[in-house]
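In case you want the letters, here they are:
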Amino acid sequence: MEPLLILHAVAAVLAPALVRRFGRDAFFPLAVPPACGFAYTVRIALTGVPVESHHDWAPVLGLGLSFRADAPAVLMMALVTGVGALVVLYCSRYFAATAEGLGRFAGALVAFAGAMLGLVVADDLLLLYVFWELTTVFSYLLIGHDPASRAGRRAAMQALTVTAFGGLAMLGGMVVLGEAAGTYRISRIVADPPSGGPVPVAVAVVLILIGALSKSAIFPFSMWLPAAMAAPTPVSAYLHAAAMVKAGVYLIARLGPAFGDLAGWRWTAVPLGLLTMLLGAWRALREYDLKKLLAYGTVSQLGFLTVLFGAATRDTAIAGAGMLLAHALFKASLFLVVGVVDRSTGTRDLRELSGLRRSAPWLFATAAGAAASMAGIPPLLGFVGKEAAFESLLTGRPADTAVLAGVVLGSALTAAYSARFLWGAFGDKPGGEPVPVRPTGAATFLPPALLSVLGLAAAPLAGRYGAAMEGYTGTFPGPGHGTHLALWSGAPVPLLLSAAALAGGALLFRIREPLARAGTALHMVDSGRVYWALVRGLGRFSLQLTGFVQRGSLPDYLMIAFVSLAGIAAFSLLYGPSPDLHPDVVLWERVEQPLIGVLLMVTAAVALRVRSHIVLVLLAGLTGYGTALLFLVHGSPDLALTQFLVETLSLVVFVLVLRRLPLGPREDRPRVPFAARLTLGVVSGAVAAGAGMLAMNARQATPVGTLMVPAARETGAANLVSAILVDIRAWDTMGETSVLVVLTLGMTGLVFLRSRSYALRVPQGRTGDDSGTYWLAATLPPGQRAVIFELVARLTFHTVMVVSVFLLFTGHGAVGGGFAGGMVAGLALVVRYLAGGRYELAAAAPVTAGVLIGLGLLLCTVTAFWGMLAGAGPLDMLPADLRVPLVGDLHLSTVLLFDAGVYITVIGMVQDVLRSLGAELDRRIDEGEDR
């Protein structure tokens, strides 16, 4: 299963390049990953399930990459991969050859397919949550595919907000459930549900249900799905009919055998599902946009599925499995049919469509088969599922009888809007002229036709399908009363109920116009308007709160932070638990330490009296250098080197910013007196030192530092700091690198809104002038140029770069590492820029910052999973001993590759800062834009 996920990820990364090379024909090779996934699904379905795999991620925390393909997972895998492959092929002719943003769309679509595949096979709650949120992010990108569409942007934001809110609630429930069960493995939780503490488990279950209901657009979270119809039709067919919206239903189906008996489960899922089924179907009867009609029909059907799986019995589960498959087939087919109608006629408004039954007979036949399955007409799979649903609720219990009555009413409404769809899209309208139809390719017709035919072909095989699902349905408690999937179960009552639902649907269709007017008159509350009213109200409240607490004064913010720190610490010491303190304090071990400490205090005190921005920055830099000296005298040269490099680069960044501010002393007087600021600084320092002493005194466990030395020896590293960063806690380093990248991109993006792919080129005639040739392609005015500085910058640049590479290679055994080497290389770029300006920076770093950052992160990620591909764990560093002629024996490992990724990423971040705060600001100054 892991190779399939990797294949989807690789295809998503390559998608933009393939689209640039082949245009929309790139969708043909991009359909290969989901097609391979479907082939794999068929193989394991024939050879037997379940199929499991596990790789340790963080064994101490019990985290791992756990995947499991059992009966319900195989069903969802077939839908995700099979429908996904057809939708990707459909895209090859749905979009115009010159469509903008097609590469980005293709990458997001394939990435979504991979994320959805990971979601359905994940056997770990936290891993499932990761894929859950990935589907949320990719669906946001797909719904908002067209940045020029306001409706698309609003719909994408609405879908993201609602589903992310539910996802956060679900995460809390998963953590509580995992801790109560003692494991996060879903299969183990279902096999042995936690029994200790019913209240925490019940709360966890309700929180998980909130996430599931929001993902599947169940009331009161239904508003986002119809709004998402602003997305392209292939997105609607895949995400909102066959894949993403099924995720919530799938999660309910997965956990139903373990928690279906809880009152909070059944009395939450079943009533809300039934209400959603009725409201969605009622709304579909008065929609004129074909996609909107199908969208509300999808909401209704999702409510139906939630009722069946939420009831959590053996009988309703088998009926739910039948309806889940049937719904994916007929609804995906109908959405794709709408796409063909829209592309061939230019409209989706059923009031404007007429005569397509004769002008597009094959398309009509496809739609008729899918719509008949949706309405529950025999001998189609939708009829099989609906019959089983009616039979499963015939228990004689009053609650089930009431639910059955609601389901029959909802089925009648479903039959009515199914007929309305067929009549609206293909029927002859009184007084209407036949709509001209443009021809479409086979790639847009075959996918919906195949899905529609499968709805007919799968019905006779329903019994075998039900038998294959018995491994799942048998996990529900209770024997049930023998509900099974068949074209006719032999029970007359379900058949009579089906006939009544179809007759009711026919009657409702006959009075469709009065019914639509009545629905409009009775419609008083629009959930979409309620949502946006809440969003606007929250925005106004946030704006007022921000204006009240944030006045734009950095000194005020610092004062509030330090006063809060001192106040909380004082309260904790006075009124909190008072441990018996016996701090073992050593004032100093070497004479250099107090001297450096005194210098630091004097520098900090002088900084309080300084009123010049540039001098204040220099003094702050001196405190950083002093801290580096403290690291050095404590025997930590790695930390000292890193601190020196970071402080130097920070000074450069501050200077680049401050050059647009007055360099002289500030004319305004500080609002807080010197004595108050000095007192607050001393108190804050004392609080920080005291907190550290208190924490060390209260320690009961063995310090983790004592475990690091033997662990570093096991890795073969002579440098303990490097061993911690790239061996022992490599995941932390990977996460921190990603955070630094996000911070850098955010900072530079806030300064100037400009693409990171733009290239600086040396213009003709800037490499010299009549007086001679200069060492650098300088953009500085002649009066600001220093020939000595230019000469030194050019002569030392390559040497410094070699030193940076040396630090990269020696980091595992001596002082250095990828981060330090990257900072040294970044400082070399800084010197070139300061000596010659922005065009000299372009000559020194011809590769754009975005490419470097992406390449570095990709190298780190590939190295992270290299161990897993070799049969070990993720980020297990694999050694390799090589004998090189004339050099000797070399001991290498994937640590070097990981560190090289950090090295390249750091260079890219420095270059991005220089191009935004330096080169871009220079350009605007030269062109008179920055005034």
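Before any of the text, the structure's been laid out above.
Everything quoted here is computed from the prediction, not taken from an experiment. (Residues numbered from 1 in each chain as written. Predicted model: local features only at pLDDT ≥ 70, side-chain atom pairs only at ≥ 80, totals over all residues. Heavy atoms only, no water.)

Student: Got a sec to walk through empty space enclosed by the protein? Specific residues and values, please.
Tutor: If you walk through the whole model with that rule in mind, you get three cavities of 30 Å³ or more. Lining the second largest cavity we find P72, L75, V249, Y250, A253, F309, A321, L324, M469 and Y472. Contributing elements (two or more residues each) for the lining of the second largest cavity: α4 (71-94), α12 (246-259) and α15 (314-345). (1 Å grid on protein atoms, 1.4 Å probe; cavity = no way out; pocket = protein on both sides within 12 Å on 5 of 7 lines; lining within 4 Å. Points joined across faces, edges and corners; volume = space filled by probe spheres on them. Helix = DSSP H or I, 4+ residues; strand = E, 2+ residues; numbered from the N terminus.)

Student: So what's going on with the pattern of salt bridges? Residues and values would help.
Tutor: Taken as a whole and judged by the stated rule, the model has 13 salt bridges. As a salt-bridge pair, D25 and R93 come within 3.0 Å of each other at their nearest N and O atoms. On the criterion of sequence distance, the pair formed by D25 in the loop between α1 (2-22) and α2 (27-30) and R93 in helix α4 is long-range, its members being 68 residues apart. Residue class for D25 comes out partly exposed when judged on its relative accessible area of 35%. The exposure class of R93 is partly exposed, given its relative accessible area of 31%. The residue R254 makes a salt bridge to D70 at a minimum N-O spacing of 2.7 Å. Here the residue R254 occupies a position in helix α12, and D70 occupies one in the loop between β2 (63-69) and α4, the gap between them amounting to 184 residues. Judged on exposure class, the residue R254 and its partner D70 are both buried. (Salt bridge = Lys/Arg side-chain N within 4 Å of Asp/Glu carboxyl O. Buried < 20%, exposed > 50% of the residue type's maximum accessible area, 1.4 Å probe, protein only.)

Student: Report on helix α34 (residues 787-810), specifying residues and quantitative values.
Tutor: For α34, which comprises 24 residues, the first-to-last C-alpha distance of 35 Å matches the rise-based estimate of 34 Å (1.5 Å per residue) to within 8%. Taking the largest bend as the criterion, α34 deviates by roughly 40°, centred on T796. The set of residues buried in α34 consists of E790, A793, F797, S804, L807, L808 and T810. (Expected span 1.5 Å × (residues − 1). Bend = angle between axes of the 7 residues up to and from the residue.)

Student: So what about a nonpolar patch on the surface? Which residues, and what values?
Tutor: Taken together, the side chains of L538, F541, L545, F548 and V549 define a hydrophobic patch exposed on the protein surface, amounting to about 540 Å² of accessible area. Its location among the elements puts L545 in helix α25 (residues 527-549). (Patch = residues over 30% accessible without salt bridge, like charges linked within 9 Å, V, L, I, M, F, W, Y side chains within 5 Å. Areas by Shrake-Rupley, 256 points an atom, 1.4 Å probe, with all protein chains shown as cover.)

Student: With reference to specific residues and values, describe unusual backbone geometry.
Tutor: Note that the residue after F219, namely P220, is joined by a cis bond; omega there is 10°. As for its placement among the helices and strands, P220 is situated in the loop between α9 (198-215) and α10 (224-227). Residues P378 and P379 are joined by a peptide bond in cis, for which omega reads 5°. Position of P379 among the secondary structure elements: in the loop between α17 (361-375) and α18 (381-392). Phi at A217 takes a positive value of approximately 60°, unusual for a residue other than glycine. Structurally, A217 is set in the loop between α9 and α10. Owing to a relative accessible area of 0%, A217 belongs among the buried residues under this scheme. At A312, a residue that is not glycine, the phi angle is positive and equals roughly 55°. Classification of A312 by relative accessible area gives buried; the value is 3%.

Student: Run through the environment of F330, naming residues and quoting values.
Tutor: With respect to the helices, strands and loops of the structure, F330 is situated in helix α15. Note on F330: relative accessible area 2%, which makes it buried. Distance from F330 to A375, taken between C-alpha atoms, is 9.9 Å for residues 45 residues apart in sequence. In this view, F330 contacts Q301, A370, S373 and M374; residues no more than four positions away in its chain are not counted. (Contact = heavy atoms within 4.5 Å.)

Student: Explain the layout of surface pockets to me, using residue names and the numbers behind them.
Tutor: Considering only enclosed or pocket space, the largest pocket measures out at about 2,100 Å³ in volume. Around the largest pocket, the lining comprises 50 residues; the ones closest to its centre are L558, F562, A604, A607 and L608. Only α26 (554-575), α27 (592-609), α28 (613-633), α29 (637-658) and α30 (674-698) provide two or more residues apiece to the lining of the largest pocket. For the lining of the largest pocket, the element with the most residues is α27, which contributes eleven residues. Residue composition of the lining of the largest pocket, grouped by class: 32 nonpolar, eleven polar and seven charged. Considered as a void within the structure, the second largest pocket measures approximately 1,800 Å³ in volume. Forming the walls of the second largest pocket are 36 residues, and the residues nearest its centre are A9, L134, M734, T861 and F865. Residues belonging to the lining of the second largest pocket are distributed by class as follows: 28 nonpolar, six polar and two charged. (Nonpolar A, V, L, I, M, F, W, Y, C, P; charged D, E, K, R; others polar.)

Student: Describe in detail the packing of aromatic side chains, supporting the description with residues and values.
Tutor: Per the stated rule, a full pass over the model turns up ten aromatic pairs. On the basis of an interplanar angle of 45° and a centroid distance of 6.5 Å, the ring pair of F165 and F221 is categorised as tilted. Pair noted here: F165 is in helix α7 (residues 150-181) and F221 is in the loop between α9 and α10, with a separation of 56 residues, a long-range link. Using a relative accessible area of 14% as the deciding quantity, one classes F221 as buried. (Phe/Tyr/Trp six-rings, centres within 6.5 Å; stacked < 30°, edge-to-face > 60°.)

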